[in-house]
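Each chain, written out:
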Amino acid sequence: MATASRACEDNAMQVFSAIDRWVVRTVSAVAQALLVVAVGVGFYQVLARFVLQSPADWSEVLTRAVLIWAVLLGVALAFRQGAMISVAVLRNALGARGRWLDSLVSAICIGFLLFMAWVGGQMTWRVRFQTVPSLDISISWIYLAIPVGTTLAALAVLARWLEGPDTAADVPGEAQG
């Protein structure tokens, strides 16, 4: 009976890991594409203002909105790679007993990130009728980056915690720093 239960747990972790890898790759690709868009629009802004002498009113706002999305998606990637949670000194000092510290830090981070997602969702809902004049879209599309990014970050912290501090694997093909 214990063997069947263990096999079920292993199967569930394999499915969770596969979904996690897909989400990380997708979020990474979207964040990278958004950075490329921000650079392109920023370049156009400089070109239009200083070369064409006809500045575009939409380019600065679009660059800002795209960078907000890229940063909040990047935060989720940083949490997934363990770049935002640095308790290595304490973990090393505690040795094998340090797993409780990882659990505590992960629980605090998940709680804070889910709170931020809730607050971001409230803000997004509250501003849904306001528009960005130069883009003629609802500003809630920009605010939506908060609940989306922080929810993804909370899931990333959970995934990293489930893998354990020593087994958190790098995603193949991703830049490592």
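Overview of the structure.

## Notes on unusual backbone geometry
Peptide bonds are, in most cases, trans, and in most cases residues other than glycine have a negative phi. Of note, the phi angle at Q53 is positive, near 55°, even though the residue is not glycine. Turning to its location among the elements, Q53 is positioned in the loop between helix 1 (2–51) and helix 2 (59–81). A relative accessible area of 59% places Q53 in the exposed class. We note that D136 has phi near 55°; this positive angle belongs to a residue other than glycine. Along the polypeptide, D136 turns up in the loop between strand 1 (131–132) and strand 2 (137–138).

## A closer look at the pattern of salt bridges
For the structure shown, the criterion picks out three salt bridges. A salt bridge links R64 to E60; the shortest N-O distance between them is 3.2 Å. Here R64 and its partner E60 are both found in helix 2, four residues apart, which amounts to about one turn of the helix. The shortest N-O distance in the salt bridge between E163 and R80 comes to 2.9 Å. Here the residue E163 occupies a position in helix 6 (residues 145–163), and R80 occupies one in helix 2, the gap between them amounting to 83 residues.

## Quick look at helix 2
Counted at 1.5 Å a residue, the expected span for helix 2 with its 23 residues is 33 Å, and the 32 Å between its end C-alpha atoms agrees. Within helix 2, the full set of buried residues consists of S59, V61, T63, A65, V66, A70, L72, L73, A76, A78, F79 and R80.

Definitions and limits used
- Residues numbered from 1 in each chain as written.
- Predicted model: local features only at pLDDT ≥ 70, side-chain atom pairs only at ≥ 80, totals over all residues.
- Heavy atoms only, no water.
- Helix = DSSP H or I, 4+ residues; strand = E, 2+ residues; numbered from the N terminus.
- Buried < 20%, exposed > 50% of the residue type's maximum accessible area, 1.4 Å probe, protein only.
- Salt bridge = Lys/Arg side-chain N within 4 Å of Asp/Glu carboxyl O.
- Expected span 1.5 Å × (residues − 1).

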